[in-house]
Amino acid sequence: MKKIITFLYLLILAYACYDDKGNYDYREINQISIQNIDSLVLCDQMDLLSIPVTLEGTQYSDSNRFTYMWEVNQKVVATTKDLNVYANFPLGINTARFVVTDKELGTKAFKNFRINVSSSTAGDGILVLSKYQGHAELSFKRLDREGSTFTPNYYEALTGNRLGTNPRKIHRCYIPEAANVNSGLKIETDQRLKCLSEETLVEIGENNHNFFISRAMTLPPDITEFDVKACWHLTTSATTTSLGGYIFVIANDELWHDQRMAMPAYNVDLNMTFMQKASPWHGQLSPVMFLASLTGSGTQNYSSPELLYLFDESEGQFIYANVNSSAANRACSELGIYAGYSLLYGTHTASPNQAVAVLGNGSVYRMLYLKLPSKTSETAAVPFTVLADVIVPGEVINSGTSYYPMKNESYMFFATDNGLYRYNLRDLENGNAPGSQNRIMTLTDFGYNADDKITCMTVSRTEQEILLGISRYGEDTEGMGEELKGDVLVLDLKTMNMIRKYEGVAGYPVDLMVKYQKFLRDGKENGGDVSDILYF
């Protein structure tokens, strides 16, 4: 009996299984094959990395039926079918993955690969320091390869860190050092000097009071703060046989400066460092310093300067410092008293012992033409003299004006609001102030609106091109919003014809420079041949 029951049970179970076959809808899975991604992808850092992908499915390949994800170093960098991103990845090998997901079935296909990133920043390029959404950022474009594009706001994407919140200036030092901290690039931000490698463009240190203390011959008293107000790097020589240069810093309303002289072939490397040189009245210093003369020496070098000029706002007077000595700063009382003014700009000119200074008090702007000694030995023969003092309209020069004096001509270019001006400094001798008659272009000439502004400018070292940083943010100086509204306009300096316009490459532009990898005073080698080949 037990055998009969077992037999009947197995018979019913077999019938149930047979009858159940028609109750399931079996579907063949669409298998995706990913094509056109090499196992090792080569690219340059900060260049645009483009990988077009071909998908092949066993049933369908319609790209709209899938979602996509590109990962680099386990971070999602794109969610599009084809990859088009700036290569803001670390140098060397980076692990990467492309994931395709079927929207309906949820099945996935993977492609693992590697990205070998090389340096694209070690050569000549354009750097734009800007303010974007309230913090400092950098944008970069290489100039050593035709067809390269800008990499906007690369710094935080590349390093994971912010550069600061209050950017001011970019500086370049061409004198290499073993630790590399004082060479390369300096970024003024948040009353600090951040040091960036000129090759990788990322932070490698900081120049603060400890930098000066470590090189000084005598130790100062305890320093609790080091608030940088201004900085200037001056390279006087950078050849294979001779290195020389200065760093001048105004911090805590005192002058700090360091001179380096090196002859690598003879193992000679010397520093002269002086600190905490205040005004004779210990007043507040304007964030500007300038020389009376800067003369060329040989084919590439400059003669070493001696007297550096500053301005004490508390007393309204000019002062000077001997940069080769620990001697206290001295007053230039002969130049007069300008109570309530700040020094907005100062520079040497193409004429030895003649300088230009711009003073402002918020409503009145004055341009001074000064005759000044460049060395202590000249103070008797070249007395401190004001050759001209003119009032300049605020719409022509104001606190936001950018300046560039020609190296070997008496002309000065300056940009205010939406206009660019070319002014002959000889006109100062006749008491003729800069005015609207000196304007040579406006941004409206190049399709901009009347409220767009030139916020910074620089000139190539061959003085063939002028680069303008332009803001389309209106009154917003913080660069808020997602859209980048900072542009770079490159013009021929002589004809004012446009060479190139780069739109939306930065936040609110604060400063820009052509970053040269090698020091050439005028961009020339071999006794006068122009060596710069820049692909703007």
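Right above here is the structure, for reference.
Residues numbered from 1 in each chain as written. Predicted model: local features only at pLDDT ≥ 70, side-chain atom pairs only at ≥ 80, totals over all residues. Heavy atoms only, no water.

Asks: So what exactly am I meant to see when it comes to the nonpolar core here?
Replies: For soluble globular proteins, the rule of thumb is that nonpolar side chains tend to be buried together. Counting residues in hydrophobic clusters, the biggest one holds 34 residues, and the most contacted among them are F248, M289, L310, V488 and F536. Among the secondary structure elements, those contributing two or more residues to this core are β10 (125-132), β16 (228-238), β17 (243-251), β23 (307-312), β24 (317-322), β36 (486-492), β37 (498-506) and β38 (508-515). Apart from the residues lying within four places of it in its own chain, the contact partners of F248 are A230, C231, W232, L234, L255, W256, H257, M289, L308 and V323. Counting residues in hydrophobic clusters, the runner-up holds 26 residues, among them L83, A87, F113 and I115. (Core = buried A, V, L, I, M, F, W, Y, C linked by side-chain atoms within 4.5 Å. Buried < 20%, exposed > 50% of the residue type's maximum accessible area, 1.4 Å probe, protein only. Helix = DSSP H or I, 4+ residues; strand = E, 2+ residues; numbered from the N terminus. Contact = heavy atoms within 4.5 Å.)

Asks: Help me understand the sheet that holds strand β29 (residues 385-392) in this model?
Replies: The pairing of strands in a sheet happens through backbone hydrogen bonds and is either parallel or antiparallel. Strand order in this open sheet of four strands is β26-β27-β28-β29, and the pairing throughout is antiparallel. Whereas interior strands pair on both sides, the edge strands pair on one side only; in this sheet they are β26 (342-348) and β29. Here the average twist between neighbouring strands, direction ignored, is 20°. Examined bridge by bridge, β26 and strand β27 (residues 354-360) share six bridges and lie antiparallel to one another. Counted as the bridge partner of G346 is A357 from β27. (Pairing = 2+ DSSP bridges. Axes fitted to C-alpha atoms, helices over the stretch in contact; angles between N-to-C directions.)

Asks: What is the right way to look at the pattern of salt bridges in this model?
Replies: Oppositely charged side chains are able to pair whenever their charged atoms sit close together. Inspection of every chain in the model, using the stated rule, returns 24 salt bridges. We note a salt bridge from K81 to D82, for which the minimum N-O separation is 3.2 Å. Residue classification places K81 among the partly exposed residues on the basis of a relative accessible area of 24%. Classification of D82 as partly exposed rests on a relative accessible area of 28%. Note that E206 is salt-bridged to R192, the shortest N-O span being 2.8 Å. Of this pair, E206 sits in strand β15 (residues 203-206) while R192 sits in strand β14 (residues 192-196); the two residues are 14 residues apart in sequence, bridging distant segments of the chain. Of the residues examined, E206 reaches a relative accessible area of 27% and is grouped as partly exposed. Given a relative accessible area of 30%, R192 falls into the partly exposed group. (Salt bridge = Lys/Arg side-chain N within 4 Å of Asp/Glu carboxyl O.)

Asks: What should I look at first to understand the packing of aromatic side chains in this one?
Replies: Both the distance between ring centres and the angle between the ring planes are used here to describe each pair of aromatic rings. The tally for this structure, following the rule as stated, stands at 23 aromatic pairs. Between Y309 and F384, the ring centres sit 6.4 Å apart and the planes meet at 75°, which makes this aromatic pair edge-to-face. Placement of the pair is Y309 in strand β23 and F384 in the loop between β28 (365-371) and β29, with a sequence separation of 75 residues. The exposure class of F384 is buried, given its relative accessible area of 12%. Lying across the ring of Y341, R366 places its NZ or CZ 5.2 Å from the centre. Here R461 stacks its cationic end above the ring of Y516, 3.7 Å away from the centre of that ring. (Phe/Tyr/Trp six-rings, centres within 6.5 Å; stacked < 30°, edge-to-face > 60°. Lys NZ or Arg CZ within 6 Å of the ring centre and 35° of its normal.)

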